[in-house]
Structure formats: structure tokens, C-alpha cells
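Spelled out from the first residue to the last, the chains are:
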Amino acid sequence: MYEFSITLPYTQVEEAAQRLYEAGIYNLYYEAPIEVKVTQNGYAFETDTQQQVDLKVYGDEDPEQYLSILPALLSIRREEIIYRMVETQEWNQAFEDIELKNGWVIRYAGSDKEYKPEATLHLDPQGAFGTGIHGTTQACLEVILDRDFTKKRVLDLGTGSGILSIAALLKGAQEVIAVDLEPVEREILHHANLNGVKQIQIVQADLIDGSYRIQDWFDWIFINIGGDEAKIIIDRHELLEKSNHFLVSGLVEWHTEHVTALFQNAGFSLQKRLQSDEWITMYFSK
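Here is what the cut-offs are and how they apply
Residues numbered from 1 in each chain as written. Predicted model: local features only at pLDDT ≥ 70, side-chain atom pairs only at ≥ 80, totals over all residues. Heavy atoms only, no water. Salt bridge = Lys/Arg side-chain N within 4 Å of Asp/Glu carboxyl O. Helix = DSSP H or I, 4+ residues; strand = E, 2+ residues; numbered from the N terminus. Buried < 20%, exposed > 50% of the residue type's maximum accessible area, 1.4 Å probe, protein only. 1 Å grid on protein atoms, 1.4 Å probe; cavity = no way out; pocket = protein on both sides within 12 Å on 5 of 7 lines; lining within 4 Å. Points joined across faces, edges and corners; volume = space filled by probe spheres on them. Nonpolar A, V, L, I, M, F, W, Y, C, P; charged D, E, K, R; others polar. Phe/Tyr/Trp six-rings, centres within 6.5 Å; stacked < 30°, edge-to-face > 60°.

## Concerning the pattern of salt bridges
When charged atoms on two side chains of opposite charge get close, those side chains can pair.
At step 1: For the structure shown, the criterion picks out 12 salt bridges.
At step 2: Note that Arg186 and Glu14 form a salt bridge whose closest N and O atoms lie 3.4 Å from each other. Taken as a pair, Arg186 in helix α6 (residues 185-195) and Glu14 in helix α1 (residues 10-22) lie far apart in primary sequence, 172 residues in all.
At step 3: Residue Glu14 is classed as buried on the basis of its relative accessible area of 17%.
At step 4: In this structure, Lys231 and Asp235 form a salt bridge, with 3.1 Å as the shortest nitrogen-oxygen distance.

What follows is the structure in C-alpha cells.
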């Protein structure tokens with residue numbers, strides 16, 4: 001397998017990835033230039049949009065084929081592409097499959113292991129939050145994959161890679177609306193295709209300051225964002241009147257009281273509380 005690395009401004013990398021995807025090139029990866037800061041709310045994630053990032057493309061065909069088509073697709077010179085051979089073992093170990101506590105497995109692209117098809121979630125991380133490694137993601141999956149979502153309508157806020165949406169669809173959800181501030185449609189559709197699910201609508205919107213409004217009723221609402229942001233979104237969109245089941249994550253242990261009080265004051269009960277390191281995931285219902 002070969003790895004082709006192209007350095008681009010971060011503001012151009014998603015458009016470049018979309019061009020590759022449309023050309024049938026799916027094995028790609030980049031790391032967003034994110035700076036993490038500790039705050040009362042937990043952690044603040046700030047993207048430095050002025051940074052350059054390395055977009056990595058992987059292929060097992062003749063490297064000359066990629067070196068001839070990548071420049072035209074990405075409007076770059078051939079000399080700007082750095083490539084090297086990658087051992088299959090090195091590729092497979094980029095992400096190690098994760099066996100969740102409930103018997104399900106997150107199987108990453110490149111893995112040569114086989115699991116029960118009915119308990120396998122296929123994932124190919126490409127940049128958006130939700131690789132499956134983080135404790136909040138695994139805790140949410142533990143709640144979702146233990147339940148029957150047959151004929152349920154689900155709203156997934158802060159969807160990232162779409163991993164929670166995909167999990168709900170694998171458990172029978174009739175429809176999922178996945179919302180994120182970032183342009184994650186390409187990656188989510190890729191994951192939907194990997195898992196053989198289709199009933200997903202992707203919305204790119206600013207839930208805090210934008211004009212988008214959540215109007216409908218949903219059987220479940222997932223919010224994996226952060227304490228302060230979750231409260232603002234819940235209040236702004238009057239979400240407590242739009243569902244009886246909420247899965248809230250991305251919270252830190254020192255800053256959960258106001259979220260718990262918000263739900264309890266609205267008549268919800270805490271059904272499950274999971275903790276991974278300092279991260280808290282809570283399931284409320286009424």
C-alpha cells in the first residue's frame with residue numbers, strides 16, 4: 001500500500017477531500033489543527049483555520065496512477081506530492097478494533113479480523129470527531145446499542161463522523177437527522193455506505209448562533225457536545241418539549257450539575273450515568 005501526502009491550507013482540505021471522494025478515492029485521512037484548552041465547561045476545542053494540514057491518501061495500485069491523477073483533482077503540481085510505501089501491518093494498526101462492553105465491535109477499515117456481522121459497526125475515520133476511541137463515544141454506543149430503535153426518529157446533534165447516527169440505524173431507527181457545525185456530509189455518507197444504512201439526513205448548521213431551528217418531535221435526541229453548549233442548544237430550540245429520551249455526553253465530572261438540574265426540573269429522570277476518566281454520559285427520560 002502507498003501513502004500520498006499533500007500539504008494544503010486547512011480551509012481547502014474538505015473541498016479537496018470531496019473531490020477525491022467523487023473520483024472514487026475513499027481511503028484518506030487528515031488531522032484538523034485543533035488546540036485544546038481546559039475550561040470550567042470541560043475542554044474548549046479551537047480550530048486554527050490558518051494552519052496547513054497534511055491530507056493523506058492511501059492506495060494499493062501503481063503509485064504512478066495516483067501521481068498522474070492527484071495533481072489534476074487537487075490543482076497542485078506533481079512535485080508537491082510526497083509518497084511512500086506503507087506496510088499493511090502499519091496501516092492496520094492505525095486504529096485497533098474496539099470491543100465494546102455490550103458485545104459489539106467497532107471494526108476499522110484495514111482490519112483483517114472478522115466478527116459477528118449483526119454486532120459490528122464499521123468505521124473509517126477521516127477527520128471528524130467520533131473515531132470511537134474517546135470515552136464519550138464508547139459510552140454513548142453502550143447506551144444506543146443496548147436498545148431497540150425500531151421505527152424511531154432520532155436527532156443527533158454534534159454528529160461528527162456520524163458514528164452515533166449509524167449505531168441507531170443499525171438498531172432499527174426509521175430516520176436519523178444528523179446535525180453538525182462542520183462539513184461532515186461526505187464522511188457520514190461514507191460510513192453509512194460501509195454499514196449498509198441509508199435513512200439519514202445530514203444538516204450543516206450552527207445550532208447556537210445560526211438561523212436553523214429544530215421544529216419536529218423525535219423519539220430520541222443525542223447531544224454529544226459539552227455542558228454549556230448543550231444547555232444553550234436545549235433552551236434555544238426548546239428541545240425538552242420535543243422528545244422524552246435524551247442521551248447527553250461530552251460533559252466533564254466537575255461541570256454536570258446544571259445539565260442534570262435542567263432535565264430534572266423538566267420532569268426527566270436520570271436512567272443511566274456512565275463515566276470514563278473525567279467524562280460523563282447521561283441518559284434522561286420521562
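## Digging into empty space enclosed by the protein
At step 1: By the definition in use, this model includes 1 cavity of 30 Å³ or more.
At step 2: Approximately 50 Å³ is the volume found for the largest cavity.
At step 3: Lining the largest cavity we find Phe129, Gly130, Thr137, Asp156, Gly158, Thr159, Ile163, Leu164 and Asn224.
At step 4: Tallied by class, the residues present in the lining of the largest cavity amount to 3 nonpolar, 5 polar and 1 charged.

## Regarding the packing of aromatic side chains
At step 1: Taken as a whole and judged by the stated rule, the model has 13 aromatic pairs.
At step 2: Here Phe4 and Tyr66 contribute two aromatic rings whose centre-to-centre distance is 5.0 Å and whose plane-to-plane angle is 20°, an arrangement assigned as stacked. Within this pair, whereas Phe4 is found in strand β1 (residues 2-9), its partner Tyr66 is found in helix α2 (residues 63-74), the two being separated by 62 residues in sequence. With respect to class, Phe4 is no different from Tyr66; both count as buried.
At step 3: Relative to Tyr26, the ring of Tyr21 has its centre 4.8 Å away and its plane inclined at 75°; by these criteria the two rings are edge-to-face.

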